[in-house]
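Chain and residue survey
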Amino acid sequence: MTATIPTTSREAPAPQRRVNAGSRKRWRYLPQYLAIAPFFVLFAVFGLYPVLYSLFLSLQRWDGVGPMKFVGLENFAFLLSDSVFWDSIGNTLLIWVMSTIPMLVLAMLVALGLNSSVRHKGVLRVAYFLPNVTSIVAMSLVFGSFFSNEFGVLNWFLGLVGVDPVQWLNDPWAIRSALSIMIIWRWTGYNAIIFLAGLQALPQEVFEAAKLDGAGPVQTFFRVTLPLMRPMVLFSVVMSAIGGLQIFTESQVLLGNRGGADGGGLTMVLYFYNTAFADNDFGYGAAIAWGIFVVVVVFSVLNWRLVQRPERGAPDTKGAGR
Amino acid sequence: MTLTRRSFLAVTAALGATALGVGACTSPTTANPGKLTLWYSSNGLSEKVLGEAVARFPERHLVPSKVSGELKQRLLAALSGEAYLPDITMIGDDISTYFAAADRFVDLNSVGAQQDQDRYLDWKWQAGRTPGGVQLGFPIDIGPAALYYRHDLFREAGLPSEPDEVAAAVSTWDDYFEFGKRAQEKLPGRYMITDTKTVFTYSLAQESKKYLDKQNRYLSDQSQVRRAWDRAVQAFRMGLTAGYAGNASSSGDSIDRNAAWSTGKELSFVSASWITGSLKQAAPNTSGNWHLCRPPGGPGNQGGSFLAITRYCPDPQGAYEVVKWILGPENQPRTYLELGLFPSSPAVYDDPQLLQPEEFFGGQSTMSVFGAVAKEVPAVYFSPYDITISDTYTDELTNVESAGKDPDRAWDDANRLVERLLRRQGVLA
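Residues numbered from 1 in each chain as written. Chains lettered and ligands numbered in written order. Predicted model: local features only at pLDDT ≥ 70, side-chain atom pairs only at ≥ 80, totals over all residues.

Moving on, we come to the overall build of chain B. Assigned secondary structure in chain B consists of 17 helices and eight strands. With respect to the principal axes defined by its C-alpha atoms, chain B has extents near 95 × 50 × 45 Å. Burial statistics for chain B: of 429 residues in total, 47% are counted as buried. Nonlocal contacts in chain B, meaning residues at least 24 apart in sequence, comprise 78% of its contacts between residues at least 6 apart. (Helix = DSSP H or I, 4+ residues; strand = E, 2+ residues; numbered from the N terminus. Buried ≥ 20, exposed ≤ 12 C-beta atoms within 10 Å, placed from the backbone. Contact = placed C-beta atoms within 7 Å.)

As a further point, take the interface of chain A and chain B. Contacts between the two partners involve 33 residues from chain A and, on the opposite side, 28 residues from chain B. Elements with a minimum of two residues in the side of chain A that touches chain B: helix 7 (136–147) and helix 13 (249–255) of chain A. Looking at the side of chain A that touches chain B residue by residue, the classes come out as 13 nonpolar, 13 polar and seven charged. (Nonpolar A, V, L, I, M, F, W, Y, C, P; charged D, E, K, R; others polar.)

This paragraph deals with unusual backbone geometry. Among all residues except glycine, the phi angle is most often negative; among peptide bonds, the trans geometry is most common. Residues and elements named next belong to chain B. Notably, His61 is not glycine yet its phi reads approximately 55°, a positive angle. Here His61 shows up in the loop between helix 2 (47–56) and strand 2 (62–67). Overall, the presence of 14 C-beta atoms within 10 Å leaves His61 in the partly exposed class. Here the phi dihedral of Asn216 falls at roughly 60°; this positive angle occurs in a residue that is not glycine.

Now for the nonpolar core. Among the nonpolar cores identified, the biggest contains 119 residues, and Ala146(B), Ala232(B), Leu292(B), Leu307(B), Ile309(B) and Val323(B) are the most heavily contacted of them. For this core, the leading source of residues is strand 4 (residues 138–150) of chain B, giving eight residues. The contact partners of Val323(B), leaving out residues within four places of it in the chain, are Ile88(B), Phe138(B), Leu307(B) and Ile309(B). By size, the runner-up hydrophobic cluster in this structure holds 51 residues, among which are Leu104(A), Ala107(A), Trp187(A) and Tyr190(A). (Core = buried A, V, L, I, M, F, W, Y, C linked by C-beta atoms within 7 Å.)

All right, on to the confidence of the model for chain B then. Residue and element names in this part refer to chain B. Per-residue confidence for chain B averages 90 on the pLDDT scale, and 92% of its residues sit at or above 70. The element-level mean pLDDT for chain B is lowest in helix 1 (residues 2–26), coming to 55, with helix 10 (residues 223–237) highest at 97. Across the predicted assembly, pTM comes out at 0.86 and ipTM at 0.85. (pLDDT = per-residue confidence, 0-100.)

Here the focus is the pairing of strand 3 (residues 88–91) of chain B. Residues and elements named next belong to chain B. The alternating pattern of strand 3 places Ile88 and Met90 on one face and Thr89 and Ile91 on the opposite face, and all of these are buried. Across two bridges, the pairing between strand 1 (residues 36–41) and strand 3 is parallel. What sits directly across from Leu38, in strand 3, is Ile88. As defined by bridge partners, strand 3 adjoins strand 7 (residues 301–309) across four bridges and the pair is classed as antiparallel. When the bridges of strand 7 are listed, Ile88 appears paired with Ile309. (Pairing = 2+ DSSP bridges.)

Right, here's the structure in full:
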């Protein structure tokens, strides 16, 4: 569309006519532009502008009230040498790994269970999906009493089987485990539903062939089901990476803004939130946000490569499938 | 066809331009033009008193507006955009954050606040004044500290149990720790101190200097911080702390602590007056068993808030009259009885209504303890960075207490982080 305007205006000799023709052409398409405008207007106001403004903010020192002071790249220099920021990246990745691997295994088991002939499939499916639509804040409050050190339900159960109580919220590794458990609880059902859909779409002939060839259930799962389910598993990994890099609410409600003992639950986003909105250090907060952006970009590239791979290794998967 | 389209477009463009123009001009500076908007957080002011203020000053058109969530975030956003601002707003104990933008608030002295100054605690009044002398905040409430303790358990163990006796036995932090050791020997499995954080916080609250001076320069003498730190570490080393520090949720509540109150595991704790409500709610079964006395180490304050008038308010004088009435000594007792907001006006401390014996505290009058403490609190400058600095120290104390970190390393780490913070903020070169 933009190309047509210069072409017509080049044909027009008189400058006055050129303006008229050009503007008339431009006006002609206004309804179309108006029709697609809402998205772009909203995006510009609520997406683009904040992004650009945060870039501007990251070069300032600003407490949100007084005058801004331009500090150049100082915030970023601080960020690179900020051990707390690096720790928060480490925490985020640890919690992501600690939650995603068990979650995928559990989700696969649940999906296999639902896929085999059990009764009340519909009810079970809804039940497994429920945690996902529960408010995270409400859930974190419940988990708070669940993990409570001395009077928590979990420690009471551990006591019943003779295990010493764990200081769930006082030890950095226990904190990370607790957060992982919350994430697993929330997302297992969601992924199980996706896996179930994938399982139901698999061609039955392959399984019949495997059965004829004398494969047991375990062999069938590892040699047939899992390779065929690869796209679904990759989808879940990518989705959980997107969610995992943004872990915030669970930590904040369970542990407060500072991330608990030894900063064990201080994720990247929580550190950003705490710096910007609790300490009112908006310039540095914006710099942290851009630090998070870089981490997310790195992960997106890794994910993209992971998703691209099956095409390259296609003959291999096919071979395994057959 | 083209004509109609052109006219249609012209009309659309005209409408768009009008909308833009109107939008740019009508975004009002104050939230309710022609009215007096007052922002307060939930439980920040008595709704009964506010309701009466509306009726009492009909010509001011007062509109109290309870801000759900973080009032501060909303205020910062409104200040940045210079739109939808309140005429009167509540501000927390981090009032010094606004000192750099004092020109956006009304100097209360310009509307006659000096005349009312004498009716309020001097240290609190000073806390609402900028280093340049602008009176930015009008005192709402304060948070005088006291030692809460289980009178019944102390008595059973043969320890001093009447407020005067206990106060005498715990007059310094060292005395308190020694007393705690004795108490814990007699009552094993129970604790005298919530966590290292409370020791650090309330020890520092008793000092007349904190981290920065009024010009926001880092004090060269930080011995008061070291003193508070050493006391906290000492309490931990003596095994007096229960260690409920790390697991306080964002709301500040801790299930373990609530349970420790109702089971009697927490024998005593130092806290500001505003904890009473939570204590009553969490441990109704212990009613009558608590007493309180002057805190170890001396009087200190924690928390409290102010009302401020923004410069966008068209009628600061009228707004001030309303503020003065809402927070006047005649209304503070009602606010205290309704919400537990401790009066900032010392005249109220002798109010017979507030000196009534309280059932929850075994017939003790808590006002007599808190009132005496409140009058003696040292005036101290609370800098915009104080909360972050204190959090840094108490985070490291939590690491010592619950993650087994070496105290010396924790102290070095805390100082390193504080130094980094202050360099980033331009306080340190």
